[in-house]
Amino acid sequence: MRIFSFIMILASLLTVSCRQEDRRFTLDGRTVNGRASQVAYLYRYLPGYGQVQLLDSAKINGGRFHFEGVCDTKPVEAYVRFAGDDFIAAFVLEPGRFAMNAGKNGYYVSGNYESTRISRLVCLQNNVTIRRAALRNEYSSALADSTLTRAKSDSLFAAYRGLSRRLSDEASAAIADSTASEAFRSLSRRLFFHATEIATD
């Protein structure tokens with residue numbers, strides 16, 4: 001009887017261990033392109049509460065940081081934040097291996113398609129914001145020194161709208177993607193909702 005009980009306990013422990021192994025994740029990160037920080041923080045979003053929960057923190061040594069642990073098998077919204085600034089790198093966390101490069105003006109995450117897609121959209125959004133600002137400055141400069149012609153004005157506005165339309169289309173597609181996880185769609189709504197409305201502003 002004791003032997004049988006021991007076998008059952010051992011089987012139970014092995015089952016729990018296997019289940020945890022199935023839920024493990026790792027995230028290896030690097031700070032690049034001038035980003036400097038001493039600590040990285042990993043959060044997950046709790047949709048039922050509308051809040052984020054701190055999962056772990058990691059010291060950054062030589063521009064590298066590492067997270068590992070157990071997470072839900074269902075994809076969840078996750079964020080990495082760095083001490084000393086408001087920069088946030090969002091991605092979709094699930095069991096598996098992830099890698100992140102966090103730069104001064106953007107980031108890139110590999111490990112699953114949805115995280116890569118989110119980081120590329122963030123990069124596009126940042127690039128569009130920078131380019132739109134440059135176009136506004138070019139318009140203002142031309143207006144100030146009386147070199148703004150009708151043709152140049154039309155060209156600048158067309159470029160401005162074109163940038164906005166591309167971002168709007170890709171953001172809308174992400175938000176409406178019925179094949180993606182709910183975490184991805186929710187994260188897309190959170191990050192890019194306003195981008196769907198800037199095509200002509």
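Everything here concerns the structure above.
Note that the coordinates shown come from a computational prediction; the quantities given were computed from them, not determined experimentally.

1. Overview of the layout of surface pockets
Estimated volume of the largest pocket: approximately 250 Å³. Around the largest pocket, the lining is made up of 13 residues, and of these Pro-47, Lys-74, Pro-75, Val-76 and Ala-183 lie nearest the centre. Mapped by element, the contributors of at least two residues to the lining of the largest pocket are β2 (39-46), β5 (76-82) and α4 (182-192). By residue class, the composition of the lining of the largest pocket is six nonpolar, two polar and five charged.

2. Let's talk about unusual backbone geometry
Here the phi dihedral of Asn-33 falls at roughly 55 degrees; this positive angle occurs in a residue that is not glycine. For Asn-33, the location among the structural elements is in the loop between β1 (24-31) and β2. A relative accessible area of 66% places Asn-33 in the exposed class. In this structure, Ser-146 is a non-glycine residue whose phi angle is positive, near 60 degrees. Among the secondary structure elements, Ser-146 is positioned in the loop between α2 (113-144) and α3 (150-175). Ser-146 gets classed as exposed once you look at its relative accessible area, which sits at 67%.

3. Thoughts on the side chain of Arg-132
In this structure, Arg-132 sits in helix α2. Within the structure, the side chain of Arg-132 is placed 3.1 Å from the side chain of Tyr-160, a separation counted as a polar contact.

4. Some details on the environment of Val-122
The topology assignment puts Val-122 in helix α2. Taking the C-alpha atoms as reference points, Val-122 and Phe-192, 70 residues apart in sequence, are found 8.4 Å from one another.

5. Some details on the sheet that holds strand β7 (residues 96-102)
On the basis of which strands lie adjacent, the open sheet formed by four strands has the order β4-β1-β7-β8 and mixed pairing. Single-partner strands in this sheet number two, and they are β4 (64-70) and β8 (107-110). Each strand axis lies, on average, 15 degrees off the axis of its neighbour in the sheet, ignoring direction. By the bridge criterion, seven bridges tie β1 to β7 in an arrangement that is parallel. From the neighbouring strand, Asp-28 faces β7, where its bridge partner is Ala-99.

Definitions and limits used
- Residues numbered from 1 in each chain as written.
- Predicted model: local features only at pLDDT ≥ 70, side-chain atom pairs only at ≥ 80, totals over all residues.
- Heavy atoms only, no water.
- 1 Å grid on protein atoms, 1.4 Å probe; cavity = no way out; pocket = protein on both sides within 12 Å on 5 of 7 lines; lining within 4 Å.
- Points joined across faces, edges and corners; volume = space filled by probe spheres on them.
- Helix = DSSP H or I, 4+ residues; strand = E, 2+ residues; numbered from the N terminus.
- Nonpolar A, V, L, I, M, F, W, Y, C, P; charged D, E, K, R; others polar.
- Buried < 20%, exposed > 50% of the residue type's maximum accessible area, 1.4 Å probe, protein only.
- Polar contact = N/O pair within 3.5 Å; in protein donor to acceptor, adjacent residues only side chain to side chain.
- Pairing = 2+ DSSP bridges.
- Axes fitted to C-alpha atoms, helices over the stretch in contact; angles between N-to-C directions.

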